[in-house]
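A closer look at the structure
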Amino acid sequence: MAGSSLMDSLFQRTLDDLIKGLRLQLIGESAFISKAMDEIRREIKSTDPQTKSTALQKLSYLNSLHGIDMNWAAFHVVEVMSSSRFAQKKIGYHAASQSFHEATPVLLLITNQLRKDLTSTNEFEVSLALDCLSRFATVDLARDLTPEIFTLLSSSKVFVRKKAIGVVLRVFGKYPDAVRVCFKRLVENLESSDPRILSAVVGVFCELASQDPRSYLPLAPEFYRILADSKNNWVLIKVLKIFKNLAPLEPRLARKIVEPITEHMRRTGAKSLLFECIRTVVTSLSDFETAVRLAVEKTREFLVDDDPNLKYLGLHALSILVPKHSWAVLENKEVVIKSLSDVDPNVKLESLRLVMAMVSDNNVTEICRVLVNLALKSDPEFCNEILGSILATCGESVYEIIIDFDWYVSLLGEMSRIPYCRKGEEIENQLIDIGMRVKDARPTLVSVGRDLLIDPALLGNPFMDRILSAAAWVSGEYVQFSGKPFELLEALLQPRSNLLPPSVRAVYVQSAFKVMIFCLNSYIQEQNIDSSSYIDTLVENGSESISARECQDASALASCDVSDQFEQVEVFNPRGSNQPPKVTFAENDRETLTRVQTCTSASLEDNSSSLGSIVELLNFIQFSLGPLTWSHDVELLERSRNLLNFIDLIRQQIPDGLNEKDGSAERELAEISKIVELILDAFSDDFGPVSINAQERVPIPEGLILKENLDDLKMICSDIELSEGSYSFGNSLYEEKVDSSILSQQIPQESESSNATTSLLSEHRKRHGLYYLPSDKTDDASNDYPPANELKEQDILDDDAAHLVKLAERSLAMKKKSTSAKPRPVVVRLDEGDELPVTRKKPQLNDEQLSDAVRDVLVGSDARPTSSQTDQSSKPSNRRKGKEKQNAGNPSDSKENLGNVEEQSSNMVDTSLRRTHRHHGKDGKQASLEKNSEKKDQTHKKSKRTSSQRHGRHKAKQSGDTSLPVASQTVIPDFLL
Amino acid sequence: MIRSVIVMNTEGKPRFAKFYDFQPIEKQQELIRSVYGVLCSRAENVSNFVEAESIFGSDSRLVYKHFATLYFVLVFNSSENELAMLDLIQGPTLSVFVETLDKCFKNVCELDLVFNYSKMHSILDEIISGGQVLETSSSEVMKAVEEISKLETASNSINFVSKTVSGWRG
């Protein structure tokens with residue numbers, strides 16, 4: 001055994017050997033690694049510390065870069081950490097910081113080792129321990145080692161002290177009570193003259209203040225001093241970040257820091273500091289006009305810079321400004337619009353956000369036009385970003401900015417046809433939502449839906465499915481606005497619809513049902529009118545709008561020749577689209593056609609007025625749906641069976657012979673009309689939006705436990721995703737949504753059978769071609785999509801950019817409300833519950849403890865010296881202790897009592913003011929000058945602002961009492977006035 | 001606070017990775033892969049910022065720099081300045097990480113990083129500790145790193161003086 005150990009240590013591979021071996025790749029990487037792991041497992045058990053540590057080093061290398069597990073070696077890590085040799089100790093500590101985490105059991109064993117190393121005289125050993133602690137300090141470790149950290153916070157070695165400061169963050173986070181011990185020392189370090197210490201401590205405060213800014217308000221004077229004095233960019237950036245969080249809490253503070261920040265902005269050459277100044281001004285000091293002006297000026301330098309990073313950040317800064325200072329964007333609109341076609345994706349995205357932020361009800365049409373054109377030319381990713389942001393912006397708070405819904409609905413249709421469009425779900429939701437909310441938009445909605453449904457090229461694109469489903473639903477639900485329901489039916493039942501997933505097809509079938517019922521109904525309505533007088537009135541009334549040829553058509557229609565009738569469809573369609581949707585037979589039909597609204601076009605009446613056409617319609621539906629009765633999709637099967645059975649029912653009443661139009665037919669009509677009316681009634685109720693809070697208003701039945709743990713159900717429900725829209729789909733669509741996920745697995749056989757149907761149908765088409773849509777569309781439209789627009793060359797792009805700028809020039813400018821716009825239609829809004837309730841994140845328990853502790857130390861009475869502190873203060877040398885007391889007496893002592901006594905607070909103000917004054921007399925003077933100039937616009941506060949600071953002190957106290965609400969929990973010294 | 005420092009080559013092989021909030025090793029590998037997935041598709045001469053919230057969770061930003069065959073990646077939260085982070089890797093006014101590596105290895109290249117794994121860690125630990133940037137002067141970093149390697153060789157070569165060594169800087 002001893003022999004093998006000796007062999008191990010003599011012939012052990014070092015880390016370098018391992019790396020070389022890995023690179024040679026003689027036996028393949030994974031084989032090599034597993035061989036090396038075998039060696040490591042053996043070597044790490046060695047009694048020789050050198051062998052053990054080398055093995056551990058190799059292990060942590062493999063762990064870090066090759067993902068090899070090393071949790072099993074935790075105990076060996078502890079062993080190597082405790083080695084007395086620095087090289088080995090370092091390997092151990094490195095392995096620990098890499099692999100230990102809070103749940104590592106051996107952490108319990110290392111407290112003493114860490115304590116020993118933290119108190120070591122070798123600063124590098126201390127540094128190792130501190131590094132490690134900053135990674136995995138647990139509550140226990142933080143508590144047990146707080147005294148050592150406390151000592152190190154005032155170490156005379158900068159190297160150690162800065163790392164101790166770095167560790168404090170983790171210690172505070174884990175063990176908030178450490179604040180009571182260490183906070184004062186930490187604050188003392190803010191006065192250090194060493195830039196490295198200052199940088200470290202400011203970094204820690206920056207992190208702390210970002211979590212809970214209010215607690216650190218009392219330290220504002222310290223930070224202010226650093227802001228005014230420091231020349232170190234790193235330190236300044238961190239202080240600015242602190243002030244960014246503090247300033248919104250305290251208006252006086254904001255007023256005070258504006259001056260030094262603008263000074264830095266003017267002076268600095270470092271872009272990082274300049275950007276931080278800009279960011280601070282635009283986020284937290286946006287009320288100060290001069291500062292904002294300067295910030296925008298500097299931002300412009302960023303925007304025109306060649307460095308894409310600066311350009312991006314510049315745009316980002318502008319986007320923060322938008323809500324309060326939209327002029328800043330307008331001033332730079334040219335750059336912003338040009339950036340939309342930048343090569344850099346970040347820049348493009350940021351400028352898109354900016355443009356969207358500028359959208360208002362006046363310019364939404366123009367901006368969307370520009371953007372949709374841009375989307376057509378963009379790469380897929382950016383194209384969808386554009387579409388997504390258009391949809392989000394326009395749909396915001398129930399389409400607040402949309403006035404012309406006809407335009408918007410057409411835009412939705414246009415967006416669906418953009419080749420790269422992947423926003424099917426959003427478009428689907430909006431199409432349906434608008435249908436339910438905006439009555440006036442329904443006619444356009446139906447015509448947009450028709451255009452989508454009728455285009456066979458759109459079928460087969462999986463991203464279009466959702467949109468088509470919405471289009472089908474809309475067309476079925478609001479079919480009364482359709483000019484040509486027959487055409488709609490064809491589109492819904494076209495053979496290529498077998499490319500759709502069953503869930504969408506089910507919607508198609510349901511819509512076809514609705515359309516059919518509508519056709520039947522309008523046929524019945526017409527039959528109720530005496531057919532002879534019908535044609536007469538047609539001739540008389542229609543003399544203005546109907547040409548002689550049409551009259552011929554109408555009489556041909558009466559003769560009911562089937563083939564003629566088919567021609568009708570062809571002949572009437574173009575006319576229907578040319579003619580304004582005016583009712584030709586308005587006089588006669590108004591009383592009877594209750595549901596058919598005024599915009600029903602003439603061609604529909606003509607089509608449906610013939611029994612032949614109705615029979616043909618039924619035949620067509622039967623024929624198209626026939627194959628579906630073998631569908632493997634339950635929903636589809638059921639719906640098509642429903643429809644087919646209904647047709648069978650009707651058929652018994654309608655004589656097959658096409659010539660028996662009179663007499664017997666009329667009697668039967670009465671039967672049919674009863675059935676049709678019944679179904680029509682079922683369809684006639686309008687769907688409306690449902691508040692998302694509706695559920696909450698339902699009283700909870702007794703005995704129902706809503707909070708019951710239903711975790712077990714998660715597994716079952718995981719594949720059923722419920723959409724969280726603000727409306728419900730009513731029965732039919734809701735079901736469709738659910739089964740879309742359940743039944744989405746397509747069964748291979750179905751595609752086979754549908755192939756068969758396709759060929760069957762094409763035969764059918766040959767025979768009855770007239771009944772189909774124009775052949776160039778349906779006939780052999782391939783699966784291919786219209787080729788995506790390719791990206792143009794850069795120069796063309798630039799041209800495009802120029803064009804874009806021109807186009808957008810007008811639209812971005814804030815125009816006066818256009819007067820000619822038509823009145824905005826009524827949009828159904830629910831009083832509440834259209835927006836999702838915003839839940840505020842509650843701070844975590846640990847955070848609360850931390851801020852409580854900080855407040856106690858800063859504001860409360862004397863921080864109670866805990867046992868560890870008294871323990872500690874007796875340990876270090878007398879000199880240090882004395883120094884500590886001295887320090888405590890000076891600034892932090894007064895800070896303790898800040899909140900309690902006004903008098904004392906003004907004393908404190910005095911000291912801090914004097915200090916600031918001494919350090920930066922120039923700044924102080926400038927500040928007072930600034931104040932004088934501000935006097936003009938702040939007349940009511942005039943008396944409180946005097947040029948003499950000494951004088952101002954008393955006034956400051958007054959103003960603190962009277963005008964300015966003092967923060968309830970923390971108090972900021974009045975030096976700021 | 002800095003969350004992570006990753007150096008990888010242009011083929012996606014990690015050369016160095018450090019995560020300042022603990023991540024299990026599988027997660028580390030996954031994060032590195034997703035970062036590479038984003039970086040490799042980016043063109044040259046575009047900005048150095050990458051949307052990172054989808055990879056690293058909320059409040060995280062990512063900057064990277066591309067040198068020859070290497071990507072240097074920094075992930076951090078809103079307490080850091082983006083441009084300063086770029087400077088921390090390498091920048092016009094200040095250049096910490098790359099400059100130190102250059103000083104250390106005389107024109108650093110990928111192979112230097114491959115064979116000096118431990119030294120890389122020593123260097124980075126001097127610059128960043130617990131996610132906080134503690135040193136931005138490359139000469140200070142060099143000084144500390146040299147002291148550490150002296151100490152390492154000393155403790156390795158002299159077997160019995162380890163105690164004296166630890167008192168050496170006393």
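Quick summary incoming for the structure in this document. (Residues numbered from 1 in each chain as written. Chains lettered and ligands numbered in written order. Predicted model: local features only at pLDDT ≥ 70, side-chain atom pairs only at ≥ 80, totals over all residues.)

Moving on, we come to the overall build of chain A. What chain A contains, in helices and strands, is 49 helices and zero strands. Within chain A, the proportion of its 977 residues that are buried is 43%. (Helix = DSSP H or I, 4+ residues; strand = E, 2+ residues; numbered from the N terminus. Buried ≥ 20, exposed ≤ 12 C-beta atoms within 10 Å, placed from the backbone.)

Tallying secondary structure elements over chain B gives eight helices and seven strands in all. Among the 170 residues that make up chain B, the fraction classed as buried is 45%. Put simply, 45% of the contacts in chain B that link residues at least 6 apart link residues at least 24 apart. (Contact = placed C-beta atoms within 7 Å.)

For the rest of this paragraph, the subject is the interface of chain B and chain A. Listed per partner, the contact involves 47 residues of chain B and 58 residues of chain A. At the level of secondary structure, the elements contributing two or more residues to the side of chain B that touches chain A comprise β2 (14–19), α1 (25–39), α3 (82–89), α5 (110–115), α6 (117–127), β7 (132–133), α7 (138–157) and α8 (162–166) of chain B. For the side of chain B that touches chain A, the element with the most residues is α7 of chain B, which contributes seven residues. Here the side of chain B that touches chain A is built from residues that sort into 20 nonpolar, 18 polar and nine charged. (Nonpolar A, V, L, I, M, F, W, Y, C, P; charged D, E, K, R; others polar.)

Further remarks concern the packing of helix α26 (residues 442–454) of chain A against helix α28 (residues 485–492) of chain A. All names here are of chain A. Two elements in contact, α26 and α28, have axes whose closest approach is 9 Å; the angle formed by their N-to-C orientations is 40 degrees. When the axis of α26 is compared with that of α28, the two are oblique. Relative to α28, α26 is oriented so that their crossing is left-handed. Across the interface between the two elements, R450, L453 and I454 of α26 pack against L488, A491 and L492 of α28. Class assignment for the residues of the contact of α26 with α28 results in five nonpolar, no polar and one charged. (Axes fitted to C-alpha atoms, helices over the stretch in contact; angles between N-to-C directions. Parallel < 35°, antiparallel > 145°, perpendicular 65-115°, else oblique. Left-handed = near helix turned anticlockwise from the far one by under 90°.)

Glancing now at the nonpolar core. Residues and elements named next belong to chain A. Core analysis: the largest hydrophobic core is formed by 267 residues, its most contacted members being V168 and A512. Per element, the largest residue contribution to this core is 15 residues, and it comes from helix α29 (residues 502–528). Beyond its immediate stretch of four places on either side in the chain, V168 contacts I149, C182, L186 and V204. (Core = buried A, V, L, I, M, F, W, Y, C linked by C-beta atoms within 7 Å.)

Before going further, it helps to examine unusual backbone geometry. All names here are of chain A. In this model, V398 sits at a positive phi of 55 degrees, which is unusual for a non-glycine residue. Locating V398 in the fold gives a position in helix α23 (residues 380–399). Assessed through the 18 C-beta atoms surrounding it within 10 Å, V398 is described here as partly exposed.

Attention shifts here to the pairing of strand β1 (residues 2–9) of chain B. All names here are of chain B. Of all eight residues in β1, seven are buried, a share of seventy percent or more. Of the strand pairs in this sheet, β1 and strand β5 (residues 70–76) are connected by seven bridges, and their pairing is antiparallel. For I6, the partnering residue across the bridge sits in β5 and is V73. Sheet topology places β1 next to β2; five bridges connect them, and they run antiparallel. Bridge pairing in β2 links S4 to F19. Hairpin geometry of β1 and β2 is characterised by an intervening segment of four residues between the two adjacent antiparallel strands and by a positive phi of about 90 degrees at G12. (Pairing = 2+ DSSP bridges.)

The next thing to look at is the environment of D125 of chain B. Residue and element names in this part refer to chain B. Here D125 shows up in helix α6. Since 25 C-beta atoms lie within 10 Å of it, D125 is described here as buried. In this structure, the C-alpha to C-alpha distance between D125 and K18, residues 107 residues apart in sequence, is 9.8 Å.

Residue and element names in this part refer to chain A. The end-to-end C-alpha distance of helix α4 (residues 49–66) is 25 Å, a good match for the 26 Å that 18 residues give at a rise of 1.5 Å each. Burial analysis of α4 places 14 of its 18 residues in the buried class, which makes it a mostly covered element. Note on α4: the residue one or two positions beyond its end, G67, has a positive phi of about 70 degrees. (Expected span 1.5 Å × (residues − 1).)

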